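One-letter residues, chain by chain:
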Amino acid sequence: MQIRFSMQYLSLYGVESVKSDPRAILWLNSWYAMLSLLRIRVMVRFIDYRYVRLLSCMLAFGSFGLHVNAQSTYQPYSYHFYQKLNSELYHLDTRYHTAVKPMIIDNTLRLRYDSLMQIGVRERSSWWGRKLYNEHLVDIKKDDHTFYADFLPDFQIGRDFAGDGRTTWLNTRGAQAGLTVGDRFSLYVNIFENQAMFPGYLDDYITRTTVTPGQGYGKTVSETGKKDWMYTTANVSYTVNDYLNVTLAYDKNFIGDGYRSMLLSDVSSNYTALKLTGKIGNVQYLSMWAYMLDPMHPRSSDYWVRLGDNWKWGAFQYLDWNVNNRLSVGLFQSVVWGARNAAGRRGFDFNYLNPIIVLRPVELTNTSSPDKIHLGLNTKYKVLKNMAVYGQFLLGEFTASEFFGGEGHVNNKWGAQLGFRGYDAFGIKNLNFLGEFNTARPYTYTHFDPVSNYSNYGEALAHPWGANFREFVGILNYSYKRFDFSFQGTWGQFGTDPDSITNYGKDIFKPYDTHLRVYGNYIGQGIKNNLLYADGRVSYLLNPKYNLRVEAGGVYRRHSVPEQGKHHQTGMLTLGLRASFRNFYYDF
């Protein structure tokens, strides 16, 4: 396969004078070199692991000759950890690309990151004291490489006092390992084995969908409702030069500056993705190709025939431009297509392989295309030295003549976000805050063929509520030495269907051509639901290296359906010994 580039592509993305800029030429050549590797059939039906092992060995071998002062570190994405970087990421004097997560912590963020990794650390004489409070369980640091490994417990016990009075618990045993070579190569892997007794609303969700939120397949293993599942992450990253990073991961991804993302969030389970991230000047560009599982559409309708889940593909691109220290603007595009459609089986579409192409014309070239395109805008503006406002707009489909008509045309499918976030509120150091509004019109993220909807492993790729909702979120977090206090409040409304046949537009797994009407569609249509969710936590940090902490928490959830007279409540207190930087969403 011949891969060709045109300088005009870069010009379209706002890079001026690329023909005379040696940095642009080097950046372009880096992309060409890495894309040439794709000739070895990385993305056909499955990955040829002989090539992956060979490539990994080549990257590691090529990195051993580097002598550097600091290593790049992969940091799993967790809102509650990343918000501790606010004072650096959103300061008026800095110009970071803040939207794409997870991040590779390099020299630019190293000072703030290292300070967080040293919270409560002091000289200790005993081996047990150092490992419990200061260090990784295995911690090797050399001039040209580092290696660490940890045991990650997550043990919790709780009681639901407002619901059915059940005792809840979580028994998770996990482990993680990380390797860096020079300042270019990093590897991270974790694995967790879990059993749990969840509160009623989560238990019902997992029993109905067989999906543990954000963690993959979940099965019920006893009459009492005990759930059992496993969860793993793997990430291999190589920084080719100052302009290009290549990552192959089984992980989550997030694009945005808020708690939620209407473009691409970390709500769903992990999936395999190849990511190319380029930087030149004030421009960052991400191109990603993903392989995702789809248990909602198994390969066989016969339960006893073990053919596994179906699969789907996705291509995602995001261009971020830091206009100045205050303003950044990002453009997003994605296309998702199923491994099968009405015509039968379908594999990876190489038309979407070009990393710097506009996807919509390519998709339209395929007449009567079964693929689903989304376009989006992400913006951020630092209004104060310690506060930024941000927003997103996602467009799934629209009819130009109807978009501003105000008559609720079914084809006007869009989602929006508006929020603010900051640090050191009221002059109080380490008091971080966030306020956010999210909404999506009915039938957003859906498709006429549900195989190609905007989802991964039975969960939304954007907002966990699907579509046809409006939501307000507020979060406060305060850190003092080893203590951490956090509070989150969420209130929202959404409309649901009265039965499995009717489609008011919230369930993204229903085909949108089963809509009830062409005009008169509005946010919250259907059976009105109100949801109030409040979560408060107090934790004491034992070891900052893997976030080992003792944590006490309280959750109050009230889900009401007024016209049906239903009011379901959960009021839960928990206590636990927890570790890791995982991010899961139970606020739905």
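If you're wondering where the values come from, they're calculated on a predicted model, not measured in any experiment. (Residues numbered from 1 in each chain as written. Predicted model: local features only at pLDDT ≥ 70, side-chain atom pairs only at ≥ 80, totals over all residues. Heavy atoms only, no water.)

Draft legend 1. How the structure looks around the overall build of the chain. Helix and strand content of the chain: 10 helices and 30 strands. Out of the 588 residues in the chain, the part that is buried amounts to 55%. Taking as baseline every contact in the chain between residues at least 6 positions apart, the subset at least 24 positions apart corresponds to 66%. For the chain, the accessible surface area stands at approximately 25800 Å², while carbon and sulfur atoms represent 60% of it. (Helix = DSSP H or I, 4+ residues; strand = E, 2+ residues; numbered from the N terminus. Buried < 20%, exposed > 50% of the residue type's maximum accessible area, 1.4 Å probe, protein only. Contact = heavy atoms within 4.5 Å. Areas by Shrake-Rupley, 256 points an atom, 1.4 Å probe, with all protein chains shown as cover.)

Draft legend 2. Structural context of helix α8 (residues 200-209). Those residues of α8 that fall on the buried side of the exposure criterion are Gly200, Tyr201, Leu202, Asp203, Tyr205 and Ile206. At its buried positions, α8 is contacted by β8 (211-212), β11 (227-241), β25 (459-460), β28 (527-543), β29 (548-561) and β30 (566-578).

Draft legend 3. The arrangement of the pairing of strand β5 (residues 145-160) in detail. Where strand β4 (residues 138-141) lies against β5, 4 bridges are found, and the strand directions are antiparallel. The residue of β5 that forms the bridge with aspartate 139 is tyrosine 148. Connecting β4 to the antiparallel partner β5 that follows it, the hairpin turn spans 3 residues. Both β5 and strand β6 (residues 167-181) contribute to a ladder of 15 bridges, which runs antiparallel. (Pairing = 2+ DSSP bridges.)

Draft legend 4. Structural detail: the environment of isoleucine 157. Among the secondary structure elements, isoleucine 157 is positioned in strand β5. Along the backbone, isoleucine 157 and leucine 575 are 418 residues apart, and their C-alpha atoms lie at a distance of 5.6 Å. If sequence neighbours within four positions are ignored, isoleucine 157 has contacts with Thr167, Thr168, Trp169, Leu573, Thr574 and Leu575.

Draft legend 5. Geometry of the pairing of strand β12 (residues 244-251). Buried residues dominate β12, accounting for 6 of its 8 residues. Bridge analysis of β11 against β12 gives 7 bridges, and the strand direction is antiparallel. Directly across from asparagine 241, in β12, lies its bridge partner leucine 244. Hairpin connection of β11 to β12: 2 residues between the antiparallel strands. Summarising the sheet, β12 and strand β14 (residues 271-280) pair through 8 bridges and their orientation is antiparallel. By the bridge assignment, leucine 248 is partnered in β14 with leucine 274.

Draft legend 6. Representation of the packing of aromatic side chains. Counted under the stated rule, the structure contains 29 aromatic pairs. Counting every residue linked through ring pairs, the aromatic cluster contains Tyr77, Phe81, Tyr82, Tyr113, Phe254 and Phe581. The ring of tyrosine 201 carries arginine 557 above its face, with NZ or CZ at 4.0 Å from the centroid. The cationic tip of arginine 582 hangs over the ring face of phenylalanine 192; the distance from NZ or CZ to the ring centre is 4.1 Å. (Phe/Tyr/Trp six-rings, centres within 6.5 Å; stacked < 30°, edge-to-face > 60°. Lys NZ or Arg CZ within 6 Å of the ring centre and 35° of its normal.)

Draft legend 7. Representation of the side chain of aspartate 228 in the model. Checked against the element boundaries, aspartate 228 lands in strand β11. Among buried charged residues, aspartate 228 stands out as having no salt bridge; its nearest opposite-charge side chain is lysine 219, 4.5 Å away. Residue contacts for aspartate 228: discarding those within four places in its chain leaves Glu193, Asn194, Gln195, Tyr217, Gly218, Lys219 and Val221. (Lys, Arg positive; Asp, Glu negative; His and termini not counted. Salt bridge = Lys/Arg side-chain N within 4 Å of Asp/Glu carboxyl O.)

Draft legend 8. Molecular detail of the nonpolar core. With 41 residues, the main nonpolar core has Leu264, Tyr271, Phe316, Phe332, Tyr445 and Tyr454 as its most contacted residues. Looking at this core, the elements that each hand over two or more residues are α8, β14, β15 (283-294), β16 (310-322), β17 (327-338) and β28. By size, the runner-up hydrophobic cluster in this structure holds 24 residues, among which are Tyr82, Leu116, Met117 and Phe581. (Core = buried A, V, L, I, M, F, W, Y, C linked by side-chain atoms within 4.5 Å.)

Draft legend 9. A look at the side chain of threonine 446. Tracing the backbone through its elements, the reader meets threonine 446 in the loop between β23 (431-440) and β24 (455-456). The exposure class assigned to threonine 446 is buried, which follows from its relative accessible area of 1%. At 2.5 Å, the side chain of threonine 446 and the backbone oxygen of tyrosine 443 are in polar contact. (Polar contact = N/O pair within 3.5 Å; in protein donor to acceptor, adjacent residues only side chain to side chain.)

Draft legend 10. Summary view of unusual backbone geometry. Here lysine 101 and proline 102 are connected by a cis peptide whose omega angle stands at 5 degrees. Structurally, proline 102 can be placed in the loop between β2 (100-101) and β3 (103-105). One non-glycine residue, phenylalanine 426, lies in the positive phi region at around 55 degrees. By secondary structure assignment, the location of phenylalanine 426 is in the loop between β22 (413-422) and β23. The phi torsion at serine 580 lies on the positive side, around 85 degrees, for a residue other than glycine. In this structure, serine 580 sits in the segment after β30. Residue serine 580 is classed as buried on the basis of its relative accessible area of 8%.

Draft legend 11. Broad picture of the pattern of salt bridges. Here the structure, examined in full by the defined rule, presents 15 salt bridges. Note that arginine 130 and glutamate 135 form a salt bridge whose closest N and O atoms lie 3.7 Å from each other. Glutamate 135 sits in the partly exposed class, given a relative accessible area of 24%. Within this structure, Asp154, Arg549, Glu551, Arg578 and Arg582 form a network of salt bridges that share partners.

Draft legend 12. Expanded view of empty space enclosed by the protein. For the coordinates displayed, the defined rule picks out 3 cavities of 30 Å³ or more. Mapped onto the lining of the largest cavity, the elements with two or more residues apiece are β7 (185-197) and β11. Considering every element that reaches the lining of the largest cavity, the biggest residue donor is β7, with 3 residues. Of the residues contributing to the lining of the largest cavity, the split by class is 9 nonpolar, 5 polar and 4 charged. (1 Å grid on protein atoms, 1.4 Å probe; cavity = no way out; pocket = protein on both sides within 12 Å on 5 of 7 lines; lining within 4 Å. Points joined across faces, edges and corners; volume = space filled by probe spheres on them. Nonpolar A, V, L, I, M, F, W, Y, C, P; charged D, E, K, R; others polar.)

Draft legend 13. Expanded view of helix α6 (residues 107-116). Taken together, the buried positions of α6 are Leu109, Arg110, Tyr113 and Leu116. One side of α6 carries all its buried residues, which in axial view fall inside an arc of 125 degrees. Of the exposed residues in α6, the ones pointing more than 90 degrees away from its buried face are Asn107 and Leu111. Structurally, α6 contributes buried residues whose contacts are with β1 (73-75), α4 (79-82), α5 (86-89) and β3. (Arc of directions from axis to C-beta.)

Draft legend 14. Region of the structure containing the environment of arginine 166. With respect to the secondary-structure elements, arginine 166 resides in the loop between β5 and β6. Each C-alpha atom, one on arginine 166 and one on glycine 200, is 8.2 Å from the other, the two residues being 34 residues apart in sequence. Excluding residues within four positions of it along the chain, arginine 166 makes contact with Gly158, Arg159, Asp160, Met197, Phe198, Pro199, Gly200 and Asp203. Looking at arginine 166, its side chain comes within polar contact range of the side chain of aspartate 164, at 2.9 Å.

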